[in-house]
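# Per-entry structural report
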Amino acid sequence: MAKAKIALIGGGQIGGNLALLAAQKELGDIIIFDIPQSEGMVKGKALDILQLTPHDGYDVSISGTSNWEDLKNVDVFIITAGIPRKPGMNREDLLEINLGIMKEVASNIKKYAPNSFAIVISNPLDAMVYAFYKVSGFNKNKVVGMAGALDSGRFRAFLAEEIQCSVQDISCMVLGGHGDTMVPITRLATVGGVPIESLIEPSRLEEIVNRTRFAGGEIVKLFGNGSAFYAPAQSAIEMAESYIRDKKRVIPCASLCEGEFGVDGYFIGVPSVIGENGVERILEFELNNEEKSSLNNTLMAVKKTVKETKL
Ligand code: APR
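Remember, it's a predicted structure, so these values are computed and weren't measured experimentally. (Residues numbered from 1 in each chain as written. Predicted model: local features only at pLDDT ≥ 70, side-chain atom pairs only at ≥ 80, totals over all residues. Heavy atoms only, no water.)

### Structural notes on the overall build of the chain
The cut-off we apply is this: For helices the rule is a DSSP run of H or I covering at least 4 residues; for strands it is a run of E covering at least 2, with both sets numbered from the N terminus onward. Values of the radius of gyration come from C-alpha atoms, whereas the globule rule sets the reference at 2.2 Å times the count of residues to the power 0.38. Partly exposed describes any residue whose relative accessible area lies between the buried limit of under 20% and the exposed limit of over 50%, with all areas from a 1.4 Å probe on protein chains only and scaled to the type maximum. Two residues qualify as a contact provided that any one of their heavy atoms is within 4.5 Å of a heavy atom in the partner residue. A 1.4 Å probe and the Shrake-Rupley method give the accessible areas. Residues count as covered only by the protein chains that appear here.
Assigned secondary structure in the chain consists of ten helices and 14 strands. In terms of C-alpha radius of gyration, the chain reaches 19 Å, essentially the compact-globule figure of 19 Å for 311 residues. Counting only C-alpha atoms and orienting by the principal axes, one finds that the chain spans roughly 55 × 45 × 40 Å. With 311 residues in all, the chain has 50% of them scored as buried. Sequence separation of 24 or more characterises 68% of the internal contacts of the chain that already satisfy a separation of 6 or more. Surface exposure of the chain reaches about 14,600 Å², of which carbon and sulfur atoms provide 50%.

### What to know about the pairing of strand E14 (residues 278-282)
In plain terms, the rule: Should DSSP find at least two bridges between two strands, the strands are regarded as paired.
As defined by bridge partners, strand E13 (residues 264-275) adjoins E14 across four bridges and the pair is classed as antiparallel. Note on E14: the bridge partner recorded for Ile 274 is Val 279. A loop of two residues connects E13 with E14, the two strands running antiparallel in sequence.

### Some details on the nonpolar core
The condition is simple: Remark: nonpolar core denotes a set of buried residues (Ala, Val, Leu, Ile, Met, Phe, Trp, Tyr, Cys) joined through side-chain atoms within 4.5 Å.
Core analysis: the biggest nonpolar cluster contains 50 residues, and Ile 9, Trp 68, Leu 71, Phe 77, Ile 79, Ile 109 and Phe 132 have the highest contact counts within it. For Ile 109, the residues in contact, after removing those within four places along its chain, are Ile 9, Trp 68, Phe 77, Ile 79, Pro 114, Ser 116, Phe 132 and Phe 138.

### Looking at the site of the ligand
Selection rule: In these notes, residues near a molecule or strand are those with any non-hydrogen atom within 4 Å of it. Polar contacts, as used here, are pairs of N or O atoms within 3.5 Å; protein pairs need one atom able to donate a hydrogen and one able to accept it. Residues neighboring in sequence count only if both atoms are side-chain atoms. Put simply, Ala, Val, Leu, Ile, Met, Phe, Trp, Tyr, Cys and Pro go in the nonpolar bin, Asp, Glu, Lys and Arg in the charged bin, and everything else, Gly too, in the polar bin.
The environment of the ligand is made up of 18 residues, and the closest members are Gln 13, Ile 14, Asp 34, Thr 80 and Asn 123. Measuring from an oxygen atom of the ligand, one finds a backbone N or O atom of Gly 12 at 3.5 Å. The backbone of Gln 13 places a nitrogen or oxygen atom 2.8 Å from an oxygen atom of the ligand. When contributions to the shell around the ligand are tallied by element, the ones reaching two or more residues are helix H1 (13-24) and helix H4 (91-112). Here the shell around the ligand is built from residues that sort into eight nonpolar, eight polar and two charged.

### Some details on helix H5 (residues 125-136)
We count it as follows: In this analysis, the expected span of each helix is defined as 1.5 Å times one less than the number of residues it contains.
Across its twelve residues, H5 extends 16 Å between first and last C-alpha, which sits within 8% of the 16 Å expected from 1.5 Å per residue. Among the twelve residues that make up H5, ten are buried, leaving the element largely enclosed by the rest of the structure. Once H5 ends, the next one or two residues include Gly 137, with phi positive near 70°.

### Quick word on the pattern of salt bridges
For side chains of opposite charge, pairing can occur when their charged atoms come near one another. Put simply, the rule reads: Every case where a carboxyl oxygen of Asp or Glu lies within 4 Å of a side-chain nitrogen of Lys or Arg is listed as a salt bridge.
Applying the stated criterion to the full structure yields 15 salt bridges. The closest approach of N and O atoms between Glu 69 and Lys 72, which form a salt bridge, is 3.1 Å. Its relative accessible area of 40% is what places Lys 72 among the partly exposed residues. Between Lys 248 and Asp 246 there is a salt bridge whose closest N-O contact spans 2.9 Å. Classification of Asp 246 by relative accessible area gives partly exposed; the value is 28%.

### Some thoughts on the packing of helix H6 (residues 148-163) against helix H7 (residues 202-213)
Stated precisely, the cut-off is as follows: Here, axes are lines fitted to C-alpha atoms. For helices the fit covers the stretch in contact, and angles between N-to-C directions go from 0 to 180 degrees. We call a crossing left-handed when the near helix sits turned anticlockwise from the far one by less than a right angle, and right-handed when that turn is clockwise.
H7 packs onto H6 with a crossing angle of 145° between their chain directions and a minimal axis gap of 9 Å. In this structure, H6 crosses over H7, and the sense of that crossing is right-handed. Every residue of H7 that contacts H6 at Asp 151, Arg 154, Phe 155, Phe 158, Leu 159, Glu 161 and Glu 162 is listed here: Arg 204, Leu 205, Ile 208, Val 209, Arg 211 and Thr 212. Residues that form the contact of H6 with H7 fall into these classes: six nonpolar, one polar and six charged.

### Details of the packing of aromatic side chains
Heads up, the condition is: Two aromatic rings from Phe, Tyr or Trp, using only the six-membered ring of Trp, form a pair when their centres are within 6.5 Å; if the ring planes differ by under 30 degrees the pair is stacked, by over 60 it is edge-to-face, and anything between is tilted.
Inspection of the entire model under this criterion finds eight aromatic pairs. Seen in terms of ring centroids, Tyr 130 and Tyr 266 are 6.3 Å apart; in terms of plane orientation they differ by 20°. Their pairing is stacked. One end of the pair, Tyr 130, is in helix H5; the other, Tyr 266, is in strand E13, and 136 residues separate them in sequence. When its relative accessible area of 19% is taken as the criterion, Tyr 266 is described as buried. Measuring from centroid to centroid gives 4.5 Å for Phe 229 and Tyr 230, while their planes differ by 45°, and the two rings are tilted. Residue classification places Phe 229 among the buried residues on the basis of a relative accessible area of 12%. A relative accessible area of 59% places Tyr 230 in the exposed class. Here the aromatic residues Phe 223, Phe 229 and Tyr 230 are joined through ring pairs into a cluster of three or more.

As far as function goes, none of this settles anything; it's purely spatial.
In structure tokens form, the structure reads like this:
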């Protein structure tokens, strides 16, 4: 079977880690793409990773480029292209700049690899994944945003630390938008099948939920400059692997809802089955009233940012 071709659009902090993880999992041949001013940087990262492959025996090729022609017939794109918020810049300024970048990326992907699967990471995520979908004209199953996988991973890590048990045995999901309004569904969180709510006091659980909500900001504050990159990269790789290997993992992702959970026409974090056809199915379930109202709250935030894209 032919090896998958994976392109990372944006070879910065997350892009570099995506390349490393994709190589270590031997997901396929890897191309790191960035703007011409950063071509040397991505070629350098590609060479550096190539030179670690013999140690553990990863049989993949890896290269760097700023030429879209090199991305013909790529199977999977993971997009982190964009700029981070700079001092003095407000959210709208950032949205405008990153929207311009996303439109350019989406048009090129439409031109060079129209049958690919695209995972969007760039922020503001809810608007960026929507913009990619609109500009590329891709079918809804071929576009997805990475948010819930990261937010759920953070929730799982904090819960495992609290209970002092393996992270592997924690199962939970965080739905909604990628921001402070995200909706961790604590009612359905379990450890080895045991409900979390029967193990952790409500007030303590609330603290953990709040830490999850602001986990990205906690890291930004510690770094002083830049945002999280290891966990975002790992989360997107989990999604790419499920697609490439047709694993049909159930992962909370920003998928286009058309009626599911009462959402119509927006990408929002929902449990999604990812397999060889992309987002193959959204697993819908009954929310309680409190969860419904939280999801509605997050939907309003998503609608506001999507409206700003004017798409
Ligand atoms: N085409 C390709 N790459 C681009 C373009 C473009 N038009 N414009 C910018 N880039 C590249 C930058 O040159 C940079 O190398 O995107 C890369 C972004 O990398 P970083 O600034 O290191 O950001 P990173 O930490 O990787 O985060 C990327 O993901 O989680 C989000 O908020 C985060 O939006 C940010 C994105």
